Amino acid sequence: LIFLTRIWSLQVANGSAYAHISENNRLKHILIFADRGIIEDRNGILLAWNDPIEGKDSPRRAYIQKDGFAHLLGYTTAPQKDTSGYYYEENFIPHEGVEEEFTSLLSGKNGLKIIETDALGKIVSESLLNPPKPGEELKLSIDADLQGALYQAIKNLAEKVDFQGGAGAIMDIHTGEILALTSYPEYSPQILSDGSNREAISAYMKSMRTPFLNRGVNAFIPGSVIKPYLALGALTEGIISPEKKILSTGSIAVPNPYFPGKESVFTDWKAHGEVDMRRAIAVSSNVYFYEIGGGYKDQKGLGITRIEKYMRLFGFGEKTGIDLGGEKEGVVPSPQWKRETFQGEEWRLGDTYNTAIGQYGVQVSPIQLLRATASIANNGILLTPTVKKLFEAPLIREKDRVPISPSYFQIIREGMREGVLDGTARALNTSLVKVGAKTGTAELGVTKQKVNSWVSGFFPYDNPRYAFVILMEKGQRKNLFGSPLVMLEVFEYMAKQKPFMLK
């Protein structure tokens, strides 16, 4: 009676349910992973692709074996299984770079197949339920060979004179296309994607040089590279003519409001004598920019409100919109910023002076400076930088135009050219190409024994096509080798391998 009752339960009362369970035990649904879209440079060089591996359901994501691409590309990790062998992730997980930014384009759509097995687990038949759809190809504006050369030049200088890190970028000033964007030091996308070399990954995590930091889109103290933008503000506001000369004896002194009878002294890096605007840009006179920034005696200054206005007009203090993650806004100091940052402290004239030379609280990213430099070269068009190859000219809107006279931009370009011929950027005075450039040395910390070395500029000077920026981070103050040497090495590479870029 018991057996009959059990048979009735299995076959009649719950027969359909058990039949369904039996069928599912016989039929297995297998995920077919879609190939992730390949990534290539502007010339068709593969930067990321898929390698099938025998015995694995998903292909291995492979990356170009050349230095300089980690922060640009990012990396992916493969879908993961649980302890029972079932996938709890059904897609590659992107991390940083274009792998993350363009993951919806690259991902594709997984497929599904059904496998029928017998009672012993042997496969009887297979059928494709849904075919996988591969991800789309992504073509970048990057020139892979130029990218590698830029990274190597930054690495060479950092290792030669002990900079903690560096970053560099080159952009088309008419389209916003990025031809190179790299950050040193970096990690290996392949090692992180494979995840098998635990020793190397641990070394990345412990490194004091922060290889996971993308310096190209992070913000740093800029120093004198911001002086051209103050000069443009001063010209537009009519507080000085480009021909008026200001005397730099090596410093200026103003009364100290907290200590009557004492003076606060603001130094230049050397005594320059009388300098007009072009010469002040060329030799990077602090005194000149103290005076047009904060005012001194009979020379009117912009004041902090208008300094902030013109800094923001050129895109500082906000994201550029580049199609990469992790971008920082940077800082443009203001009285409100100081009150919020330093517990209600009021703004002082000395703060204006120091802001005018790119010190105090100013922070900009290399990509912001690159964009602003391009606008000097193209008469005031602020382009959105892009690492994705453009197949048509970008639409220039009225809000993308900086409302400053083209004649003023020409004055700044002439000052930057003089800086290369006989100023702080003369390391770039080469027969290979005519360049306009502005350098900056930003003092760091209380002791000021460490500095950031910057240079930004454009070329060819007579018919500009490209803008560039180089940052070398935290080097010794006494070091005489700075960022212009990186760009000089890149120009030498271009002359041999890409001479068309210098014409």
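For the structure given in this document, a descriptive report is provided here. (Residues numbered from 1 in each chain as written. Predicted model: local features only at pLDDT ≥ 70, side-chain atom pairs only at ≥ 80, totals over all residues. Heavy atoms only, no water.)

**Structural notes on the side chain of Asp 143**
Moving on, step 1. One can find Asp 143 in the loop between β9 (138-139) and α6 (144-161).
Moving on, step 2. Looking at Asp 143, the relative accessible area reads 4%, which means it is buried.
Moving on, step 3. A distance of 3.1 Å separates a polar atom in the side chain of Asp 143 from the backbone nitrogen of Asp 145.
Moving on, step 4. Setting aside residues no more than four positions away along its own chain, Asp 143 makes contact with Asp 41, Arg 42, Asn 43, Leu 179 and Lys 498. (Helix = DSSP H or I, 4+ residues; strand = E, 2+ residues; numbered from the N terminus. Buried < 20%, exposed > 50% of the residue type's maximum accessible area, 1.4 Å probe, protein only. Polar contact = N/O pair within 3.5 Å; in protein donor to acceptor, adjacent residues only side chain to side chain. Contact = heavy atoms within 4.5 Å.)

**Topic: a nonpolar patch on the surface**
Moving on, step 1. Taken together, Phe 3, Leu 4 and Ile 7 make up a surface patch of nonpolar side chains, about 380 Å² in accessible area.
Moving on, step 2. Overall, the relative accessible area of 60% leaves Leu 4 in the exposed class. (Patch = residues over 30% accessible without salt bridge, like charges linked within 9 Å, V, L, I, M, F, W, Y side chains within 5 Å. Areas by Shrake-Rupley, 256 points an atom, 1.4 Å probe, with all protein chains shown as cover. Salt bridge = Lys/Arg side-chain N within 4 Å of Asp/Glu carboxyl O.)

**Looking at helix α17 (residues 484-497)**
One full turn of an α-helix is made of 3.6 residues, so residues set three or four places apart face in the same direction.
Moving on, step 1. The terminal C-alpha atoms of α17 lie 20 Å apart, and with 14 residues this matches the ideal 20 Å at 1.5 Å per residue to within 8%.
Moving on, step 2. Taken together, the buried positions of α17 are occupied by Pro 484, Val 486, Met 487, Leu 488, Val 490, Phe 491, Tyr 493 and Met 494.
Moving on, step 3. Its buried side turned inward, α17 meets α6, β10 (165-172), β16 (436-444), β17 (450-459) and β18 (466-476). (Expected span 1.5 Å × (residues − 1).)

**Here's the deal with the pattern of salt bridges**
Moving on, step 1. Across all of its chains, the model carries 25 salt bridges by this definition.
Moving on, step 2. Notably, a salt bridge pairs Glu 177 with Arg 42, separated by 3.4 Å at the nearest N-O pair. In this pair, Glu 177 is assigned in the loop between β10 and β11 (178-184) and Arg 42 in the loop between β2 (39-40) and β3 (46-51), connecting sequence segments 135 residues apart.
Moving on, step 3. Assessed through its relative accessible area of 24%, Arg 42 is described here as partly exposed.
Moving on, step 4. One salt bridge in this structure joins Arg 60 and Asp 51, with 3.8 Å as the shortest N-O distance.

**Considering the sheet that holds strand β4 (residues 60-63)**
Moving on, step 1. The mixed open sheet is built from four strands, whose spatial order is β4-β3-β2-β9. Looking at the sheet topology across the chains shown, the edges are occupied by β4 and β9.
Moving on, step 2. Where β3 meets β4, four bridges bridge the pair, whose relative direction is antiparallel. Pairing of Trp 49 across the sheet is with Ala 62, part of β4. (Pairing = 2+ DSSP bridges.)

**Notes on the side chain of Ser 193**
Moving on, step 1. One can find Ser 193 in helix α7 (residues 189-194).
Moving on, step 2. On the basis of relative accessible area, Ser 193 is assigned to the buried category, the value being 12%.
Moving on, step 3. Discounting residues that sit within four places of it in the chain, Ser 193 has contacts with Arg 61, Tyr 63, Tyr 75, Thr 76 and Thr 77.

**Here's the deal with the packing of aromatic side chains**
Moving on, step 1. A complete count under the given rule lists 19 aromatic pairs for this structure.
Moving on, step 2. Their ring planes at 70° and their centres at 5.3 Å tell us that Tyr 229 and Phe 316 sit as a pair that is edge-to-face. Linking Tyr 229 in helix α9 (residues 227-237) with Phe 316 in the loop between α12 (303-313) and α13 (335-341), this pair joins segments that are 87 residues apart in sequence. With respect to burial, Tyr 229 and Phe 316 carry one shared label: buried.
Moving on, step 3. An angle of 75° between the planes, with centres 5.0 Å apart, marks the rings of Phe 266 and Tyr 353 as edge-to-face. Pair noted here: Phe 266 is in strand β14 (residues 263-267) and Tyr 353 is in helix α14 (residues 349-356), with a separation of 87 residues, a long-range link. Each member of the pair Phe 266 and Tyr 353 is classed as buried.
Moving on, step 4. Taken together, the ring pairs connect Tyr 75, Tyr 187, Tyr 204 and Phe 212 into an aromatic cluster.
Moving on, step 5. Sitting above the plane of the Phe 391 ring, Lys 389 keeps its charged end 5.6 Å from the centroid.
Moving on, step 6. We note Arg 417 situated over the ring of Tyr 461; from NZ or CZ to the ring centre the distance is 5.8 Å. (Phe/Tyr/Trp six-rings, centres within 6.5 Å; stacked < 30°, edge-to-face > 60°. Lys NZ or Arg CZ within 6 Å of the ring centre and 35° of its normal.)

**A closer look at the packing of helix α11 (residues 286-294) against α14**
Moving on, step 1. Look at α11 against α14: their axes get within 8 Å of each other, and the N-to-C directions meet at 125°. Comparing their axes, α14 and α11 come out oblique. In this structure, α11 crosses over α14, and the sense of that crossing is right-handed. Across the interface between the two elements, Phe 289, Tyr 290, Gly 293 and Gly 294 from α11 touch Leu 349, Thr 352, Tyr 353 and Ala 356 from α14.
Moving on, step 2. The residue inventory of the contact of α11 with α14, partitioned by class, reads five nonpolar, three polar and no charged. (Axes fitted to C-alpha atoms, helices over the stretch in contact; angles between N-to-C directions. Parallel < 35°, antiparallel > 145°, perpendicular 65-115°, else oblique. Left-handed = near helix turned anticlockwise from the far one by under 90°. Nonpolar A, V, L, I, M, F, W, Y, C, P; charged D, E, K, R; others polar.)

**Considerations on the sheet that holds β17**
Moving on, step 1. Taking strand neighbours across the sheet as the criterion, the five strands line up as β11-β10-β18-β17-β16 in an open arrangement whose pairing is antiparallel. Each having just a single partner strand, β11 and β16 make up the two edges of the open sheet. Here the average twist between neighbouring strands, direction ignored, is 10°.
Moving on, step 2. Packing against the sheet, helix α16 (residues 406-422) makes contact with β16 and β17, and its axis sits at approximately 75° to β16.

**Re the packing of α9 against α12**
Moving on, step 1. For the pair α9 and α12, interaxial distance at closest approach is 9 Å and the crossing angle is 115°. Compared by their axis directions, α9 and α12 come out roughly perpendicular. For the pair α9 and α12, the crossing hand works out as right-handed. Note on element contacts: α12 touches α9 through Arg 306, Ile 307, Lys 309, Tyr 310 and Met 311, opposite Tyr 229, Leu 230, Gly 233, Thr 236 and Glu 237.
Moving on, step 2. Taken together, the residues of the contact of α9 with α12 sort by class into five nonpolar, two polar and three charged.

**Focus on the environment of His 174**
Moving on, step 1. Here His 174 shows up in the loop between β10 and β11.
Moving on, step 2. Between the alpha carbons of His 174 and Pro 228 there is a distance of 20 Å; along the sequence they are 54 residues apart.
Moving on, step 3. Filtering out sequence-adjacent residues up to four positions away, His 174 remains in contact with Leu 383, Pro 394, Pro 464 and Arg 465.
Moving on, step 4. At 3.2 Å, the side chain of His 174 forms a polar contact with the backbone oxygen of Pro 464.

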